[in-house]
Amino acid sequence: MQQERLRSIADSILSADVYRWQDVSDPWAPVKRVWGLAVSSIERLREQNPAAYRILFWSLVVVLLVIVAHTIWVAMQTMYGGAARTLDGVTPARTTVRDAMWYRREADRLAAAGKYAEAIQLDFVRLMLDFDARKLTAFHPSKTPGEYVREARIQPAQRGALRGLVNVMYAHVYAGVRADAQSWALWRERASTEHYAVAH
């Protein structure tokens, strides 16, 4: 009686879903079947026709070596392609040194083309590079014209003149005030570096 009761309890436990046998599908099963078929076919070929097996083996080795060589060739072309183009006669572009003289020439070129507002803007950069060369300020492209006015080591009256230059530039570049040959000539006269001296 006790034994039957234990068997009943065991059957009820084992009949639960967690103990139910289920086939687990293997997603790699088709690949494994094909691989096993290929290995068994090659093994049969080795036993039945050793000469054909050797031909197949060395053919696969050659294919593998060709793939490796092609991979190395592509990698070398990618890494050294730029250098090879330079050796073939294509010279890399030179970086132009944009010093005060470059900005002066570019401003003159724009003014000659009638682009006075753009010329004024570039000539202000030229003036600040001249200031930097004379240790009147430290040039940096990220600085605003207002920062240059505040930081320049010049006389108070000259600071007012520099602030006036900045206002003229802002009027022509940002406020839409028309610039012409006369305003350009006046700007160039007022933006001469010689008008500014180190504050003592």
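Everything discussed here concerns the structure shown above.
Residues numbered from 1 in each chain as written. Predicted model: local features only at pLDDT ≥ 70, side-chain atom pairs only at ≥ 80, totals over all residues. Heavy atoms only, no water.

1. Observations concerning the overall build of the chain
Then, number 1: Secondary structure assignment for the chain yields 8 helices and 0 strands.
Then, number 2: Secondary structure elements in the chain, listed N-terminal to C-terminal, are α-α-α-α-α-α-α-α.
Then, number 3: Going through the 200 residues of the chain one by one, you find that 21% of them count as buried.
Then, number 4: Within the chain, residue pairs in contact and separated by at least 24 positions form 54% of the contacts whose partners lie at least 6 positions apart.
Then, number 5: When the accessible area of the chain is evaluated, it comes to approximately 15200 Å², of which 62% is carbon and sulfur surface. (Helix = DSSP H or I, 4+ residues; strand = E, 2+ residues; numbered from the N terminus. Buried < 20%, exposed > 50% of the residue type's maximum accessible area, 1.4 Å probe, protein only. Contact = heavy atoms within 4.5 Å. Areas by Shrake-Rupley, 256 points an atom, 1.4 Å probe, with all protein chains shown as cover.)

2. Let's talk about helix 8 (residues 181-190)
Then, number 1: Residues S183, W184, W187 and R188 constitute the buried set of helix 8. Across the axial projection of helix 8, the buried residues extend over an arc of 135°, all falling on one side.
Then, number 2: Of the surrounding elements, those touching the buried residues of helix 8 are helix 4 (100-112), helix 5 (116-133) and helix 7 (156-173).
Then, number 3: Its side-chain oxygen 3.2 Å from the backbone nitrogen of Q182, D180 forms the N-cap of helix 8. (Arc of directions from axis to C-beta. Polar contact = N/O pair within 3.5 Å; in protein donor to acceptor, adjacent residues only side chain to side chain.)

3. Concerning the packing of helix 7 against helix 8
Then, number 1: The geometry of helix 7 relative to helix 8 is characterised by a closest axis approach of 11 Å and an angle of 150° between their N-to-C directions. Taken as axis vectors, helix 7 and helix 8 run roughly antiparallel relative to one another. Handedness of the crossing formed by helix 7 with helix 8: left-handed. Here A161, G164, L165, V168, M169 and H172 of helix 7 lie close against helix 8, whose contacting residues are S183, W187 and R190.
Then, number 2: Partitioned by chemical class, the residues of the contact of helix 7 with helix 8 number 5 nonpolar, 3 polar and 1 charged. (Axes fitted to C-alpha atoms, helices over the stretch in contact; angles between N-to-C directions. Parallel < 35°, antiparallel > 145°, perpendicular 65-115°, else oblique. Left-handed = near helix turned anticlockwise from the far one by under 90°. Nonpolar A, V, L, I, M, F, W, Y, C, P; charged D, E, K, R; others polar.)

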